[in-house]
Amino acid sequence: MEPGVVLMTQAIQPAHADARGELSAGQLLKWVDATACLAAEKHAGVSCVTASVDDIQFEERARVGQVITIKAKVTRAFNTSMEISIRVLVQDTLTGSEKLVSVAFSTFVAKPVGEKKIHLKPVRLLTEQDRVEHDLASERRKVRLQHEDTFQSLMEESSKFEEPVCNEEEGTVTSATAVQSLELVLPPHANHHGNTFGGQVMAWMETAATIAASRLCRGHPFLKSVDMFKFRGASTVGDRLVFRAIVNNTFQTCVEVGVRVEAFDCQEWAAGQGRHINSAFLIYSAVDDQEELITFPRVKPISKDDFRRYQGAIARKRIRLGRRYVISHREEVPISTHWDASKQASLSNGNVEALRELAAKTGWEVTSALGKIKIYTLEDEGVLSVWVEKRVKCPAHLAYHLLSDFTKRPLWDPHYMSCTVIDQVGEDDQIYHITCPKVNSDKPKDFVVLVSRRRPPPDGDTYLVAAKSVVLPAVPPSPGYSRSDVVCAGFLIQSADRGFCTVSYLNQMSASILPYFAGNLGGWSKSIEEAAASCIQFIENASDDAIF
């Protein structure tokens, strides 16, 4: 076993399962927290307590009879705190096959003995993956520390949206989903420090949240993700813990439930004055009796508190989108199409149709709407796409000529360092080599991209510029760059009134593209808005002479 690694293996018994025979998410959270704590203490050499748990994404569900394996190790040590990476696998004992259930990160704090100060030793980096996670741990820590400021900034921004928060006359009031539960902390619920075991608190919170979600969906809810547990205080044996859960908002096939925990000792219980010790936001999906995903009804906020929770759920969803890259490192999987001149027509048409199909998908949601710029996101089968819409004072055909020439892109797009034509393969098709600046500690990225453009048909009004990566033997990967992929991207340009046009930029995210957008989607950067504003200025300032 690797140095510093702690493994827990558990056979899933009926006592660990819910009514459908699936492993209870609360039970899994208890196992995860215990394993992470033991990994922290193995590194620190002293007792440790849970400070927070980052976003936990659940990719698979496990059932009775299967085996769960939890692997935890310290990725980086700071002065008195450590980040613990957690990887959960489920194994089918009949077939031997394994599937990834979850990847998560916890922060633990070392507890000094007496007055002795703690200064944790650094983590030994033995592999390249260790070094990658060590570097990313610093980025994840920055996200944690600025989470509250980012959230408040997004809440202020949401109050300035031009559209109302809920523009539907019909909607579901969430008051009927409210749940209140009570637990008395007994010795079996305590950890080896004498405090209530953090995993047990998380399990109780998950139970209350599941009940709230089930009251809305009338189906079988299952936990999809947890939005950062943060432990604000401790509780001990003898405390009464009160759990309050309620649905905050729905997003098509998922729902966010907020849970608040207060602790009371005997005197506080009599006085009715508790201590707020924990809050968390849990995201559920649900299935019906035929195992089909349920679409949740829209939520209708009524009171001021309803609106606060409704808008808060939207802000947290946006932060989760941005945190997705820094939560775990994903290797780039090559997806480019090999360029074949004999198939130019089909490759070009496929490029264009992919962009049209992306734009035609349903489920796009507004994440930012300020001034002339709106940003939409779409999550479809685990793939994230972005749509940036701009209103530009310029005829559509002039904007089309400017934007279809990618050699001009570095003039306004800070994400492009250079863009050169490799091959003019047709009147409306060109292959470009693009270089982009490095993100975090990665190497700069480069792309080989086929750009296909189309003027509108006689009965249409939409100009189109589509881009996707291709493999060209004449331009092999360079050691100074990380060769990356554009899955599907491009511009849709439509005429509007009074000499304006609407320019829409769409991009279906690959692992290599996401780092350039992560900070913006998460709310701690304005890079998309800045690039969009630069694009508007570039188009509006361009003259006919500059174009032709």
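See the structure shown above.
Residues numbered from 1 in each chain as written. Predicted model: local features only at pLDDT ≥ 70, side-chain atom pairs only at ≥ 80, totals over all residues. Heavy atoms only, no water.

This paragraph deals with the packing of aromatic side chains. Under the definition given, this model contains 8 aromatic pairs. With 5.2 Å between their ring centres and 80 degrees between their planes, Phe264 and Trp269 make a pair best called edge-to-face. Its guanidinium or amino end placed over the ring of Phe105, Arg140 lies 3.8 Å from that ring's centre, counting from NZ or CZ. (Phe/Tyr/Trp six-rings, centres within 6.5 Å; stacked < 30°, edge-to-face > 60°. Lys NZ or Arg CZ within 6 Å of the ring centre and 35° of its normal.)

Turning to its location among the elements, Gln66 is positioned in the loop between β3 (56-58) and β4 (67-77). Separated by 2.8 Å, the side chain of Gln66 and the backbone nitrogen of Arg63 make a polar contact. Those residues in contact with Gln66 that lie beyond four places of it in its chain are Gln10, Ala11, Ile12, Arg61, Val90, Gln91 and Asp92. (Helix = DSSP H or I, 4+ residues; strand = E, 2+ residues; numbered from the N terminus. Polar contact = N/O pair within 3.5 Å; in protein donor to acceptor, adjacent residues only side chain to side chain. Contact = heavy atoms within 4.5 Å.)

The subject of this paragraph is the nonpolar core. Ranked by size, the top nonpolar core spans 72 residues in total, and within it Leu28, Ile68, Ile70, Met82, Ile84, Phe229 and Leu241 carry the most contacts. Looking at this core, the element that brings in the most residues is helix α1 (residues 25-44), giving 11 residues. Apart from the residues within four sequence positions on either side, Ile68 is in contact with Met8, Thr9, Gln10, Ile12, Leu23, Leu28, Trp31, Ala62, Val88, Leu89, Val90 and Val101. Listed in part, the 46 residues of the second largest apolar core include Cys394, Phe447, Cys501 and Cys535. (Core = buried A, V, L, I, M, F, W, Y, C linked by side-chain atoms within 4.5 Å. Buried < 20%, exposed > 50% of the residue type's maximum accessible area, 1.4 Å probe, protein only.)

Right, let's talk about the environment of Val439 for a bit. With respect to the helices and strands, the residue Val439 is situated in the loop between β17 (429-436) and β18 (445-454). We classify Val439 as buried; its relative accessible area is 13%. Separated by 77 residues in the primary sequence, Val439 and Tyr516 place their C-alpha atoms 7.0 Å from one another. In this structure Val439 touches Pro515 and Tyr516, once residues within four positions along its chain are discounted.

On to helix α4 (residues 198-217). In this model, α4 (20 residues) spans 29 Å end to end at C-alpha, consistent with the 28 Å of a helix rising 1.5 Å per residue. Of all 20 residues in α4, 16 are buried, a share of seventy percent or more. Where α4 ends, the next residue or the one after it, Arg218, has phi of about 55 degrees, a positive value. (Expected span 1.5 Å × (residues − 1).)

With that out of the way, let us pick up the packing of α1 against α4. Running from N to C, α1 and α4 cross one another at 165 degrees; their axes reach a closest spacing of 8 Å. On the basis of their axis angle, the class for α1 and α4 is roughly antiparallel. Of the two possible hands of crossing, α1 and α4 adopt the one that is right-handed. Along the contact surface, α1 presents Ala25, Gly26, Leu29, Lys30 and Asp33, while α4 presents Gly198, Gly199, Gln200, Met202, Ala203 and Glu206. Here the contact of α1 with α4 is built from residues that sort into 4 nonpolar, 4 polar and 3 charged. (Axes fitted to C-alpha atoms, helices over the stretch in contact; angles between N-to-C directions. Parallel < 35°, antiparallel > 145°, perpendicular 65-115°, else oblique. Left-handed = near helix turned anticlockwise from the far one by under 90°. Nonpolar A, V, L, I, M, F, W, Y, C, P; charged D, E, K, R; others polar.)

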